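Remarks on the overall topology
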Amino acid sequence: MNSLVTRAAVLREFKAPQRVEAVRLRHPGPGEALVRVTAAGVCHSDVGQADGEWDFPLPAVLGHEGAGVVEQVGPGVATAPGTRVLLNLAPGCGRCRHCLQARPILCQDSLDAMGEGRLTTGASPISLDGEVVSAYSLLACFSEHALVAERSLIPLPDDVPDEVGALVGCAVITGVGAAIES
């Protein structure tokens with residue numbers, strides 16, 4: 001089978017504990033990268049999602065604050081394997097009016113993909129016993145590995161620890177955005 005087996009915290013039911021299970025990730029397709037997750041933050045959004053505050057397809061792998069190391073890349077990806085990265089939530093398509101106005105968090109392509117639990121490049125890359133598992137917030141980094149769109153990768157400087165880099169993708173940009181936009 002053309003996939004990688006990795007462990008992930010799987011949410012099968014709202015308001016129930018997540019369970020660490022062996023899941024399958026397909027190999028990276030065009031514009032995608034496989035990242036070995038080295039750090040992940042727990043955001044209030046992850047807690048709310050686990051509690052069922054938002055409609056989202058289950059089962060799912062949560063997690064949208066992460067850092068790691070690129071292990072494999074698909075065709076057309078410029079980021080080299082071995083690169084340390086932080087994972088960027090809702091990266092934007094780069095083409096829509098919101099992205100062109102420097103507001104990628106409003107990108108409809110990313111918002112649609114996040115609501116459906118899939119990558120912006122296609123269906124969710126995660127499965128469990130033949131069942132599709134939703135990839136929360138396009139990252140699903142409560143896992144040993146995450147398959148993400150290349151545009152979600154931001155190189156992490158050598159002097160930034162992974163656990164600090166993981167927080168930049170959501171917690172830091174949310175705080176900075178709130179300060180700048182208020």
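In this report, the structure presented in the accompanying data block is examined. (Residues numbered from 1 in each chain as written. Predicted model: local features only at pLDDT ≥ 70, side-chain atom pairs only at ≥ 80, totals over all residues. Heavy atoms only, no water.)

**A few points about the packing of aromatic side chains**
What counts is decided by this rule: Side-chain rings of Phe, Tyr and Trp (the six-membered ring for Trp) are treated as a pair once their centres are within 6.5 Å; stacked means planes under 30 degrees apart, edge-to-face means over 60, and tilted covers the remaining angles. Numbering of helices and strands starts at the N terminus; helices are DSSP runs of H or I of at least 4 residues and strands are runs of E of at least 2. Relative accessibility decides the category of a residue: with a 1.4 Å probe and only protein chains considered, values under 20% of the type maximum give buried, values over 50% give exposed, and everything between is partly exposed.
Summed over all chains, the structure comprises one aromatic pair. With a centroid separation of 5.3 Å and an interplanar angle of 85°, the aromatic rings of Phe-56 and Tyr-136 are classed as edge-to-face. Residue Phe-56 is located in the loop between α1 (44-50) and β4 (60-61), and its partner Tyr-136 is located in the loop between β8 (131-135) and β9 (145-149); the two are separated by 80 residues in the primary sequence. Overall, the relative accessible area of 6% leaves Phe-56 in the buried class.

**Some details on the pairing of β8**
Quick reminder of the rule: Strands pair, by our definition, only if DSSP identifies at least two bridges between them.
Both β4 and β8 contribute to a ladder of two bridges, which runs parallel. Looking across to β8, one finds that Ala-60 is bridged to Ser-134. With three bridges connecting them, strand β7 (residues 126-128) and β8 associate as antiparallel partners. Residue pairing in the sheet places Ile-126 in a bridge with Val-133 of β8. Counting the residues between successive antiparallel strands, the hairpin from β7 to β8 contains two residues, one of them, Asp-129, with a positive phi of roughly 55°.

**With respect to the pattern of salt bridges**
Quick reminder of the rule: Each reported salt bridge corresponds to a side-chain nitrogen of Lys or Arg within 4 Å of a carboxyl oxygen of Asp or Glu.
Per the stated rule, a full pass over the model turns up six salt bridges. Measuring nitrogen to oxygen at the nearest pair gives 3.0 Å for the salt bridge that ties Glu-21 to Arg-12. By relative accessible area, Glu-21 is classed as buried at 14%. Accessibility expressed as a relative area gives 33% for Arg-12, which makes it partly exposed. Of the charged contacts, one joins Glu-32 and Arg-26 as a salt bridge, the two residues approaching to 2.6 Å between their closest N and O atoms. A residue is classified by how much of its surface remains accessible, and Arg-26, at 28% relative accessible area, is partly exposed. Connected via shared salt-bridge partners are Arg-12, Arg-19 and Glu-21.

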